[in-house]
Amino acid sequence: MSSALCTHCALPLGRSRHDAQVAGAERGFCCYGCCLAFQVAHGESEEADAAWLLIRLGTGAFLSMNIMLFSLLLYSGGFDMAEGNPRPIVHAALFLLAAPTVLLLGWPFLREAWQDGARGRLGSAALIVLGVAAAFLASVLAMLTGGERVYFDTATMVLVLFTLGRYLEAAGRARAMRSIAPMLAPERERVTVLAADGGQTHRPVAEIRAGMRVLVRPGERIGVDGVVVEGTSHVGEAILTGESAPVPKHPGMSVLAGSLNHEGPLVIQTQGEGTASRWMSITAAVRDALGRRGHTQQLAERVAGAFVPAVLALAVATVVYWASRASPDEAMLHGLAVLVVACPCALGLAAPLATALGIGQLARRGILVRGGDVLENLGAVGAVAFDKTGTLTLGEPRIVGIACTAAMSSGGVQSPGLILALAAALEARSEHPLARGIVMEAERLGLPLFPALGLRVVPGHGVIGEVRGVPTAAGSAAWLVASGFAMPENVGMGMSRERVDDARTQPLDGSLAGNPPRPALTMSFAQLEAESGSLVYVGRGSRIVGVLALDDPLRPEAMAAVAGVRALGLEVLLLSGDRAVAAHRVAASVGIEWVESGMSPEAKQSLVAREGRRWAMVGDGLNDAPTLAAASVGIATLSATDLARESAALVLPDGGLALLPWTIQLARAVRRTMIGNLLWAFGYNAVALALAASGHLLPVFAAALMAGSSVVVVLNSLRLERDQEKWIPVFPQNRATNKESGAASELRCFDLR
Amino acid sequence: MSQYGLIFLAGLAASWHCVAMCGGFACALSGGRGGWHATRRQLLYNAGRVTTYCFLGALAGALTAGICTARPGAPPLESVQRVLAVASGLLILTIGAQFLGLLQGVRRAPMVGFGGEVLAGALRDLQRAPGLAAPLAFGVANGFLPCPLVYGMLAQAATSGDAVAGMATMAAFGAGTFPAMAVMGGFGGWLRIRLAQRPGWRRGAGVAAGVFFVALGLVTLARGLLSLPSHGHLT
């Protein structure tokens, strides 16, 4: 479920929506408090809305404090020294002070109650209006009929406290949403465009086109993707990549929209339209997430919807009960206390504020969620299942060994390099990860790319064609044999190697080019298989002539991520479609004991569904979409731009697996905060209403309690902002370098006899 | 001399502190203009400020009364008043000693956190606003600013154990601070500059305020220890 967001705090508008004309435009707010706070924050135009609001509050407070002090003097005998009965005159004076106060502060509540009524619902504003109107009108009646007691002080002070409480609540919400503020309207952010003559103009991001020169001063957010053409600086890319350490930028380097420029001014040549950046996609995803209501929020809103009529009924019952046991004045005061002490705001605020804070904190580190309910679910998971390829590993297999038959190496013509070159010729146009690994290695070694003719790809098995006039194939052993390539007799029987060469230094003509031969290494085929993730056989002519061993390096942060998740007391398992040997090897490397290997996507999905526990599934989001969708929370380690297209509920930035334990901790804290807020909101209302109905609470104290109760929810939620700092992981330094280290793993060549 | 008189004098003597702390606000409220315009704004500002003090004083007094009359087994008002008088006397003595240059190690709590942020933001917005209601609202908010003098006097108001007496205590204190603050557009501004420029003046004003606060603190303390009457004539 998605809905529009509050102009001020970016929470869903919901049932207590409040529309108002502020700063020259009609805007929607989730409550009157936010409307007030927005006026304060954005009323710096000619209308001076901000100051006008505070002036109203201050003047109302001045008048109501004076009403209270005069009432105090009147009822404590302070005016008794005057001749005659001063009461009617003082009552009239109190009325003259109270009438403008009620108009000044009561009007917005009356308007809100009216708007609610037009939509056919009763909101908290109706309670205030009813309570204040009752006290004010009863006082006017008493004044006109010469009654003993007027309650102008109560009516006005209740209004002051309510306005103040709502303002404080809104200010707290605005503070809570500060972290998310840059994401709410990035297209409206302005950037400094440099003209050819050196002039500067400030234009919104939406008007930026490719090829413009943009100046970014220190402390400013980079509004568009581009390339640095002048200046050097460090920029923070946490919001895009999760990496908290600033990244150095020099002329010629790319910068991403959404990054923060830390030090020196940068001039950037834009590379695309302002609205086409990844930053825009991220902000759109965040806004979408903020607009989705979680289960708890929906429940709380349903309760809050029924709450106001229930409070009204309780107030009527209270008045009726006390009218038969005490004076009508006392009965009215107790009824008023019931009306003003009820706090449906706290109920409505309990869940969305905590989840919005969580979404904001995650977004600051480049982590996107689909909605608040994802955090609720993630906070309650008991196990985390990891996919292997592309999740715990980089998903970029690299050649770790090449074996060739004696016929290929001892002929003195060609050896391991040729095997690689032949395979690369066949795989050059394939997008398969293994094919990319083979071609990348051949390019890295500078091997010639032979033309391949008549290529035929057999999905899941391999590729066959003609290279230099000879039928050549690369693929699985079984398929090659079935395709007519003979397997050397001793292959697969644990044969020994006698010579080890390094394909990087051995040229195709077989000469050693001055490199001394390395010591002999004996390694069985089984060992080769066990040490590598995948084997690609190469057949030429009529027989298999070599094997390429590929392995997918572990992500540098995989071990820390798994250890972090285990430290949280969660069960961890590895789900893989790969061979058991490969899956167990990766599992052992990262410290996972429970391994399910050789699983098809359907098998993974049914396992997740069968276990029935609250599982989070971490995958690369490409081939495990059904499993991600079946899990309680599907977590993808993928480019955030793809969020809309795949089925993950939460997306970690590419390479941001190390953030997983922190994310789970944050989700737990959000869940705890939400539950705490709801317990407080329900508990407060139950106790306060009981006290008010039983006559133990004066209306003014009731209003003060009510104002404080939503502030408690705000302050409790704000703790999230502070607490999450304690769990921030130590990020693997310089992720790019770590990635490269995988490629530098030793390449071994084996001679298959 | 009545206790309210002493409180008034303490407020009067300590108003140089108000001038230093809040005088900047008051000067800015005049908008650089003098004459009747500035005077009206200053009067409204001070009316708001003193109203807040009175309200807080009434609350403090009512709170003590409420504690003592809330239930049958509550402690008698006199005992609570005596305990409060000792605490309040010590607090006022500390403030007085600080004016005299002693006990400088005792630090005031800075205005931080959510409440401070909101109050400071509100004051900032109100200060810039035109119109006559703005200084009034500003004065109301200014009265809630954390201030050691106000704390000391509120403690004094709480010892009265009565809302009206608490209000009277703060009214006397507010009236004491009124003259210096009310003329901030003219003489007060001049005084503020002189205080900033001449350390000797500042020291002298501090000693005067310190003497009155110490005297008030001793009287309050004695009231707690020796069971003197809570207000009215001391002798």
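Residues numbered from 1 in each chain as written. Chains lettered and ligands numbered in written order. Predicted model: local features only at pLDDT ≥ 70, side-chain atom pairs only at ≥ 80, totals over all residues.

### Regarding the overall build of chain B
When you go through chain B residue by residue, the secondary structure sums to nine helices and zero strands. Counted over contacts in chain B with a minimum sequence separation of 6, partners at least 24 positions apart contribute 81%. (Helix = DSSP H or I, 4+ residues; strand = E, 2+ residues; numbered from the N terminus. Contact = placed C-beta atoms within 7 Å.)

### What about the sheet that holds strand β7 (residues 233–236) of chain A?
Residue and element names in this part refer to chain A. Read from one edge to the other, the open sheet built from three strands follows the order β8-β7-β10, with strand pairing classed as antiparallel. Pairing within the sheet leaves two strands with one partner each, and these edge strands are β8 (247–249) and β10 (260–261). Strand direction decides the pairing type here: β7 and β8, joined by three bridges, are antiparallel. Residue pairing across strands places S233 opposite K249, the latter belonging to β8. (Pairing = 2+ DSSP bridges.)

### Here's the deal with the packing of helix α7 (residues 278–290) of chain A against helix α10 (residues 344–364) of chain A
Residues and elements named next belong to chain A. Between α7 and α10, the shortest axis-to-axis distance is 10 Å and the interhelical angle comes to 165°. Put simply, α7 runs roughly antiparallel to α10. Pair α7 / α10 crosses with right-handed handedness. Each of V286, A289 and L290 in α7 lies in contact with α10, whose residues at this interface are A356, I359 and A363. Broken down by class, the residue content of the contact of α7 with α10 amounts to six nonpolar, no polar and no charged. (Axes fitted to C-alpha atoms, helices over the stretch in contact; angles between N-to-C directions. Parallel < 35°, antiparallel > 145°, perpendicular 65-115°, else oblique. Left-handed = near helix turned anticlockwise from the far one by under 90°. Nonpolar A, V, L, I, M, F, W, Y, C, P; charged D, E, K, R; others polar.)

### Thoughts on the packing of α10 of chain A against helix α23 (residues 699–723) of chain A
All names here are of chain A. α23 packs onto α10 with a crossing angle of 15° between their chain directions and a minimal axis gap of 9 Å. Considering their axes alone, α10 and α23 lie roughly parallel with respect to each other. Here α10 runs over α23; the crossing is right-handed. Contacts between α10 and α23 involve C345, A346, L349, A350, L353, A354, L357 and G358 from the first element and S709, S710, V713, V714, S717, L720 and E721 from the second. In terms of residue class, the contact of α10 with α23 is made up of ten nonpolar, four polar and one charged.

### Some points on unusual backbone geometry
Of note in this structure, R468 of chain A is not a glycine but carries a positive phi near 50°. For R468 of chain A, a count of 12 C-beta atoms within 10 Å gives the class exposed. (Buried ≥ 20, exposed ≤ 12 C-beta atoms within 10 Å, placed from the backbone.)

### Things to note about the interface of chain B and chain A
With 23 residues of chain B at the interface, the matching set in chain A holds 24 residues. Among the elements of the structure, α2 (35–69), α4 (113–128), α5 (133–142) and α7 (163–182) of chain B are those that each provide at least two residues to the side of chain B that touches chain A. For the side of chain B that touches chain A, the leading source of residues is α5 of chain B, giving seven residues.

### Things to note about the sheet that holds strand β3 (residues 190–194) of chain A
All names here are of chain A. Spatially, six strands are ordered β4-β3-β5-β11-β6-β9 in an open sheet, and the strand pairing comes out antiparallel. Edge positions in the sheet fall to β4 (200–204) and β9 (254–255), since each of these pairs with one other strand and no more. Here two bridges tie strand β6 (residues 226–230) to β9, and the two strands are oriented antiparallel to one another. When the sheet's bridge partners are listed, V227 is paired in β9 with S254.

### Points about helix α9 (residues 328–341) of chain A
All names here are of chain A. With 14 residues, α9 extends 20 Å between its outermost C-alpha atoms, agreeing within 8% with the 20 Å of an ideal straight helix rising 1.5 Å per residue. Burial runs high along α9: ten of the 14 residues are buried. Three or more residues of α9 are buried, namely M332, L333, H334, G335, L336, A337, V338, L339, V340 and V341. (Expected span 1.5 Å × (residues − 1).)

### Some remarks on the pairing of β3 of chain A
Residue and element names in this part refer to chain A. Where β3 lies against β4, five bridges are found, and the strand directions are antiparallel. Note that in β4 the partner of R190 across the bridge is P204. Once β3 ends, the chain turns through five residues before running back antiparallel as β4, passing G198 with a positive phi of about 90°. Inspection of the sheet shows β3 paired to strand β5 (residues 213–216) by three bridges, in the antiparallel sense. Bridge pairing in β5 places T192 opposite L215.

### Topic: the environment of A690 of chain A
Residues and elements named next belong to chain A. Its place among the elements puts A690 in helix α22 (residues 660–693). We classify A690 as partly exposed; it has 14 C-beta atoms within 10 Å. Along the backbone, A690 and V338 are 352 residues apart, and their C-alpha atoms lie at a distance of 8.4 Å.

### A closer look at the nonpolar core
Counting residues in hydrophobic clusters, the biggest one holds 226 residues, and the most contacted among them are V340, V341 and A703 of chain A together with A137 of chain B. The dominant element in this core, judged by the number of residues it contributes, is α22 of chain A, at 15 residues. When neighbours within four sequence positions are excluded, V341 of chain A is seen to be in contact with A688, L689, A692, L697, A702, L705 and M706 of chain A. Formed by 38 residues, the second largest nonpolar core is a distinct cluster that contains I419, A425, L445 and A452 of chain A. (Core = buried A, V, L, I, M, F, W, Y, C linked by C-beta atoms within 7 Å.)

### Here's the deal with the environment of T145 of chain A
Residue and element names in this part refer to chain A. Assignment of secondary structure puts T145 in the loop between α4 (124–144) and α5 (152–176). On the basis of neighbour count, T145 is assigned to the exposed category, with 7 C-beta atoms found within 10 Å. Distance in space between the C-alpha atoms of T145 and P88 is 9.7 Å, their sequence separation being 57 residues.

### Focus: the confidence of the model for chain A
Residues and elements named next belong to chain A. Of the residues in chain A, 78% have a pLDDT of 70 or more, and the chain-wide mean is 78. Counted against residues more than four places away or in other chains, residues 491–524, with its pLDDT under 50, gives 63 contacts. This model gives residues 731–753 a pLDDT under 50, and the stretch forms 61 contacts once residues within four places in sequence are excluded. (pLDDT = per-residue confidence, 0-100.)

### A closer look at α7 of chain B
All names here are of chain B. Its 20 residues give α7 an end-to-end C-alpha distance of 27 Å, which sits within 8% of 28 Å, the value for a rise of 1.5 Å per residue. A maximum bend of about 25° is found in α7 at G176, where proline P179 lies one to four positions downstream. The element α7 is largely enclosed, with a buried count of 17 among its 20 residues. (Bend = angle between axes of the 7 residues up to and from the residue.)

### Description of the confidence of the model for chain B
All names here are of chain B. Considering every residue of chain B, the mean pLDDT works out to 75; 69% of them sit at 70 or more. Mean pLDDT across the elements of chain B ranges from a minimum in helix α8 (residues 184–197), with 61, to a maximum in α5, with 88. Confidence drops under pLDDT 50 across residues 231–235; counting only partners more than four residues distant or on other chains, this segment forms eleven contacts. Across the interface, the model reports ipTM at 0.80; the global pTM reads 0.70.

### Observations concerning the environment of V228 of chain A
Residues and elements named next belong to chain A. Its location among the elements puts V228 in strand β6. According to the C-beta neighbour criterion, V228 is buried, with 21 such atoms within 10 Å. Taking the C-alpha atoms as reference points, V228 and L266, 38 residues apart in sequence, are found 6.6 Å from one another.

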